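What the coordinates show
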Amino acid sequence: MKVNVHAVNFTVDRKLVSFIQERMDKLEKYYDKVVASDVFLKVDNTSDKANKVFEIRMFVPGDDFMVQKQCKSFEEATDQAAECLERLLLKRKEKVRAFA
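The rules behind the values
- Residues numbered from 1 in each chain as written.
- Predicted model: local features only at pLDDT ≥ 70, side-chain atom pairs only at ≥ 80, totals over all residues.
- Heavy atoms only, no water.
- Helix = DSSP H or I, 4+ residues; strand = E, 2+ residues; numbered from the N terminus.
- Buried < 20%, exposed > 50% of the residue type's maximum accessible area, 1.4 Å probe, protein only.
- Contact = heavy atoms within 4.5 Å.
- Salt bridge = Lys/Arg side-chain N within 4 Å of Asp/Glu carboxyl O.
- Pairing = 2+ DSSP bridges.
- Axes fitted to C-alpha atoms, helices over the stretch in contact; angles between N-to-C directions.
- Expected span 1.5 Å × (residues − 1).
- Parallel < 35°, antiparallel > 145°, perpendicular 65-115°, else oblique.
- Left-handed = near helix turned anticlockwise from the far one by under 90°.
- Nonpolar A, V, L, I, M, F, W, Y, C, P; charged D, E, K, R; others polar.

1. Side note on the environment of Val3
With respect to the secondary-structure elements, Val3 resides in strand E1 (residues 2–7). What makes Val3 buried here is its relative accessible area of 9%. Each C-alpha atom, one on Val3 and one on Thr46, is 28 Å from the other, the two residues being 43 residues apart in sequence. Residues contacting Val3, with those up to four places away along its chain left out, are Ile20, Gln21, Met24, Ser37 and Val39.

2. As for the pattern of salt bridges
Applying the stated rule across the entire model yields seven salt bridges. Where Arg23 meets Glu86, a salt bridge forms, and the shortest distance between an N and an O atom there is 3.7 Å. Taken together, the residues Arg23 in helix H1 (residues 14–25) and Glu86 in helix H2 (residues 74–99) connect sequence positions 63 residues apart. In terms of burial, Arg23 and Glu86 fall into one category: buried. In this structure, Lys42 and Glu55 form a salt bridge, with 3.4 Å as the shortest nitrogen-oxygen distance. Of the two residues, Lys42 is situated in strand E2 (residues 36–43) and Glu55 in strand E3 (residues 52–60); the sequence distance between them amounts to 13 residues.

3. Concerning the sheet that holds strand E4 (residues 63–71)
Pairing within the open sheet is mixed, and its four strands lie in the order E1-E2-E3-E4. The open sheet is flanked by E1 and E4, the only strands paired with a single partner. For this sheet the average axis-to-axis angle between neighbouring strands, irrespective of direction, equals 15°. Pairing between E1 and E2: six bridges, direction parallel.

4. Structural notes on H2
The terminal C-alpha atoms of H2 lie 37 Å apart, and with 26 residues this matches the ideal 38 Å at 1.5 Å per residue to within 8%. Where H2 is concerned, the buried positions are Phe74, Ala77, Thr78, Ala81, Ala82, Cys84, Leu85, Glu86, Leu89 and Arg92. In the core, the buried residues of H2 are packed alongside H1, E2, E3 and E4.

5. A look at the packing of H1 against H2
At a minimum axis distance of 10 Å, the contact between H1 and H2 shows a crossing angle of 15°. It follows that H1 is roughly parallel to H2 by the angle criterion. Of the two elements, H1 crosses H2, and the hand of that crossing is right-handed. Between H1 and H2, the contacting residues are Leu16, Phe19, Ile20, Arg23 and Met24 on the first element and Phe74, Glu75, Thr78, Asp79, Ala82, Glu83, Leu85 and Glu86 on the second. Partitioned by chemical class, the residues of the contact of H1 with H2 number seven nonpolar, one polar and five charged.

In structure tokens, the structure reads:
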């Protein structure tokens with residue numbers, strides 16, 4: 001799956017990009033018709049420790065899934081968003097299977 005990573009107002013580390021790519025590639029075992037994903041990484045200027053925002057938009061034929069998570073680190077936010085996307089993709093797969 002093609003994953004486009006966009007960092008807003010900072011430069012992203014290569015290790016973080018590869019971590020996100022690996023985690024998103026694992027989602028293909030739940031639903032293999034995923035076309036691409038756009039990932040946006042942002043840092044909020046709040047005094048809160050959980051100021052890292054991970055936002056993903058996943059393109060699936062006939063649908064787009066949007067998930068946004070805010071955590072202390074981008075890795076933690078990536079894992080939480082991936083778990084949420086797992087549920088969404090499984091739900092989508094069951095829906096497609098019911099109509100087929």
